[in-house]
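The lines below spell out each chain.
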Amino acid sequence: MAKGERIAPADFTCVLYEVRDHVAIVTINRPERRNALNRRAYDEAEAAFRAASADPDVRCVVVTGADPAFCSGEDVKETMTGEQHDKSVARLTAVRPEPTPAAVAVLECDRPAIAAVNGAAGGWGMEPTLFADMRIASEQAKFGEIFIKRGLISDVGGCGGCRRSSARPGRPSSFSPAALLMQARRCAT
């Protein structure tokens, strides 16, 4: 997508967007790839959060994934092949990498955001859970920041969001965003 160009929610193919009872529901909808994000899905996620921010009828945004996963992260197979390869490599090897426009859109959204985590949230797929004001996890939810396993630096959320979201008063955070995968039950204890 060209800079400044936005996809209308009616034209989404990877994300479902609906507003019901003043709640915008953003559903990552690539279940055959466990909701892994390709360029189009990133662009649509950005456009969905921008649409929610611009809609005076929206009071809250819920982000979720089509079953069986919340979001397994970036679709590496797709983003590192074909015409996307050069752009992906340039973004990943930049001295000062910029956050993805989708991350910026979530962070700039002026409505409360709720992550309804219904399955695996790994890599970039965990980022929206960290950006959210509230996280609700099902028994099937799993959380993992796996960037370090690939020699990468996480996007905005993983650079500190984990520690803030899991720390409790009087108890240091037991969650390290390094390379572990946590079950939802462990996060609640």
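Everything that follows concerns the structure shown earlier in this document.
Residues numbered from 1 in each chain as written. Predicted model: local features only at pLDDT ≥ 70, side-chain atom pairs only at ≥ 80, totals over all residues. Heavy atoms only, no water.

Caption draft 1: Focus on the pattern of salt bridges. In the structure shown here, the tally under the stated rule is 9 salt bridges. Between Arg-30 and Glu-78 there is a salt bridge, and its shortest N-O distance comes to 3.3 Å. A residue pair is termed long-range when its members are at least 10 positions apart, and Arg-30 in the loop between β2 (23–28) and α1 (39–54) and Glu-78 in helix α2 (residues 76–79) qualify at 48 residues. By relative accessible area, which is 31% here, Glu-78 ends up partly exposed. Ionic pairing is found between Arg-50 and Glu-108, a salt bridge with its closest N-O pair at 2.8 Å. Placement of the pair is Arg-50 in helix α1 and Glu-108 in helix α4 (residues 101–108), with a sequence separation of 58 residues. (Salt bridge = Lys/Arg side-chain N within 4 Å of Asp/Glu carboxyl O. Helix = DSSP H or I, 4+ residues; strand = E, 2+ residues; numbered from the N terminus. Buried < 20%, exposed > 50% of the residue type's maximum accessible area, 1.4 Å probe, protein only.)

Caption draft 2: How the structure looks around unusual backbone geometry. Residue Pro-68 follows Asp-67 across a cis peptide bond; omega there is 20°. Assignment of secondary structure puts Pro-68 in the loop between β3 (60–65) and α2. The phi torsion at His-22 lies on the positive side, around 70°, for a residue other than glycine. As for its placement among the helices and strands, His-22 is situated in the loop between β1 (15–20) and β2. On the accessibility criterion, His-22 (29% relative accessible area) is partly exposed.

Caption draft 3: Main features of α4. For α4, the set of buried residues is Ala-102, Ala-103, Ala-105 and Val-106. Projected onto a plane normal to the axis of α4, the buried residues spread over an arc of 160° and lie on a single side. Buried residues belonging to α4 abut α1 and α5 (127–131). (Arc of directions from axis to C-beta. Contact = heavy atoms within 4.5 Å.)

Caption draft 4: Representation of the sheet that holds β1 within the structure. In spatial order, the strands read β1-β2-β3-β4-β6; together these 5 strands make up an open sheet with mixed pairing. Two strands close off the open sheet at either side, each with one partner strand: β1 and β6 (134–137). Each neighbouring strand pair of the sheet contributes to a mean axis angle of 20°, computed without reference to strand direction. One ladder, built from 4 bridges, connects strand β4 (residues 113–117) with β6; its direction is parallel. Of the residues in β6, the one forming a bridge with Ala-115 is Arg-135. This element, α1, spans β1, β2 and β3 of the sheet and lies at about 15° to β1. (Pairing = 2+ DSSP bridges. Axes fitted to C-alpha atoms, helices over the stretch in contact; angles between N-to-C directions.)

Caption draft 5: Fine view of α1. With 16 residues, α1 extends 23 Å between its outermost C-alpha atoms, agreeing within 8% with the 22 Å of an ideal straight helix rising 1.5 Å per residue. By the burial criterion, the buried members of α1 are Arg-39, Ala-41, Tyr-42, Asp-43, Glu-44, Ala-45, Glu-46, Ala-47, Ala-48, Phe-49 and Ala-52. (Expected span 1.5 Å × (residues − 1).)

Caption draft 6: Seen up close, the nonpolar core. Counting residues in each nonpolar core, the largest one holds 37 residues, and the members touching the most others are Tyr-17, Val-26, Phe-49 and Val-61. Those elements that provide at least two residues to this core are β1, β2, α1, β3, α4, β4 and α5. Of all the elements, α1 adds the most residues to this core, at 7 residues. Not counting chain neighbours up to four residues away, the residues in contact with Val-61 comprise Ala-24, Val-26, Phe-49, Ala-52, Cys-109, Arg-111, Pro-112, Ala-113 and Ile-114. (Core = buried A, V, L, I, M, F, W, Y, C linked by side-chain atoms within 4.5 Å.)

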